[in-house]
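Read off the chains here:
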Amino acid sequence: MPVASVDDTARATLDVTAAAVDQFASVTGDENPLHTDEEYASEGVFGGRVAHGALTAGVVSAALARLDGDVVYLSQESTFENPVFPGETVTATVQVVEDLGDDRLRVETRAETDEPVLSGSAVVLSLAHE
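Quick caveat, the model's predicted, so the values are computed rather than measured.

Participant: Could you give me a rundown of the overall build of the protein chain, with the residues and numbers involved?
Facilitator: Broken down by element type, the protein chain carries four helices and five strands. When its helices and strands are written in sequence order, the protein chain yields β-α-α-α-α-β-β-β-β. Projected onto its principal axes, the C-alpha coordinates of the protein chain cover approximately 50 × 25 × 20 Å. Looking at the protein chain as a whole, 34% of its 130 residues are labelled buried. For the protein chain, restricting intrachain contacts to residue pairs at least 6 apart in sequence, the fraction spanning at least 24 positions comes to 65%. Counting only carbon and sulfur atoms, one obtains 47% of the accessible surface of the protein chain, whose full area is about 7100 Å². Taking the average place of the 6 positive charges on the side chains of the protein chain and the average place of its 24 negative ones, the gap between the two points comes to 4 Å.

This is the structure we're talking about:
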């Protein structure tokens, strides 16, 4: 299997449902009522339930996994730009922008619904599958 290289891109998409947000809360233990309680969240800063930022970042992880090679996620810097609400679809796009040597690549990351929701960069290993 080939490894990823500069200018390679990949995408992943997730339909964010209330059930997905509830499952993520259950798996991670993050039961913040802004994510899990519609009545409470409706009075909060976002005017309703929102998905966890880490759930959005998970779509980025899925896109990274679609790059060539066995991809190992080493680090991520992210800025969360806008909330994601149940009922929205998140599309993450990643692009390899720099070969750092030793099988390490710098990757620009972004996710969006109808507007940007996350931007940042990651460092991954892209190794040939043996």
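Participant: Let's hear about the pairing of strand β3 (residues 89-101): which residues, and what values?
Facilitator: Each regular strand carries side chains that alternate between the two faces of the sheet. One ladder, built from seven bridges, connects strand β1 (residues 9-15) with β3; its direction is antiparallel. Pairing of Arg 11 across the sheet is with Thr 93, part of β3. Sheet analysis places β3 next to strand β4 (residues 104-112), joined by nine bridges and oriented antiparallel. Residue Gly 101 lies in a different strand from β4, and its bridge partner there is Arg 104. Taking the residues between adjacent antiparallel strands as the criterion, β3 and β4 are bridged by two residues, where Asp 102 takes a positive phi near 55°.

Participant: Could you give an account of helix α1 (residues 18-28), naming the residues involved and the relevant values?
Facilitator: Of the positions making up α1, those classed as buried are Ala 20, Val 21 and Ala 25. Each buried residue of α1 lies within a common arc of 140° when the element is viewed along its axis, so the set occupies one face. What points out from α1, more than 90 degrees from its buried face, is the exposed set Gln 23, Ser 26 and Val 27. Buried residues in α1 make contact with α2 (33-36) and α4 (53-64).

Participant: Which residues make up the sheet that holds β3, and what values go with them?
Facilitator: The strands that make up a sheet pair up through hydrogen bonds in the backbone, lying either parallel or antiparallel. Taken in spatial order, the five strands of this open sheet run β1-β3-β4-β5-β2, and their pairing is antiparallel. Edge strands, defined here as strands with exactly one partner in the open sheet, are β1 and β2 (70-80). With strand direction ignored, the average angle separating the axes of adjacent strands in the sheet is 25°.

Participant: Describe the environment of Tyr 73, naming the residues involved and giving the relevant values.
Facilitator: Relative to the assigned elements, Tyr 73 resides in strand β2. Here the alpha-carbon distance between Tyr 73 and Ser 126, two residues 53 residues apart in the chain, equals 9.0 Å. Setting aside chain neighbours within four positions, we find Tyr 73 in contact with Val 60, Ser 61, Leu 64, Ala 122, Val 123 and Val 124. Polar side-chain contacts of Tyr 73 include one of 2.7 Å to the side chain of Gln 76.

Participant: Explain the side chain of Thr 109 to me, using residue names and the numbers behind them.
Facilitator: In this structure, Thr 109 sits in strand β4. Among the polar contacts made by the side chain of Thr 109, one reaches the side chain of Gln 76 at a distance of 3.0 Å. Excluding its chain neighbours within four sequence positions, the residues that come into contact with Thr 109 are Val 60, Gln 76, Thr 93, Val 94, Leu 118, Ser 119, Gly 120, Ser 121 and Ala 122.

Conventions used here
Residues numbered from 1 in each chain as written. Predicted model: local features only at pLDDT ≥ 70, side-chain atom pairs only at ≥ 80, totals over all residues. Heavy atoms only, no water. Helix = DSSP H or I, 4+ residues; strand = E, 2+ residues; numbered from the N terminus. Buried < 20%, exposed > 50% of the residue type's maximum accessible area, 1.4 Å probe, protein only. Contact = heavy atoms within 4.5 Å. Areas by Shrake-Rupley, 256 points an atom, 1.4 Å probe, with all protein chains shown as cover. Lys, Arg positive; Asp, Glu negative; His and termini not counted. Charge placed at Lys NZ, Arg CZ, Asp CG, Glu CD. Pairing = 2+ DSSP bridges. Arc of directions from axis to C-beta. Axes fitted to C-alpha atoms, helices over the stretch in contact; angles between N-to-C directions. Polar contact = N/O pair within 3.5 Å; in protein donor to acceptor, adjacent residues only side chain to side chain.

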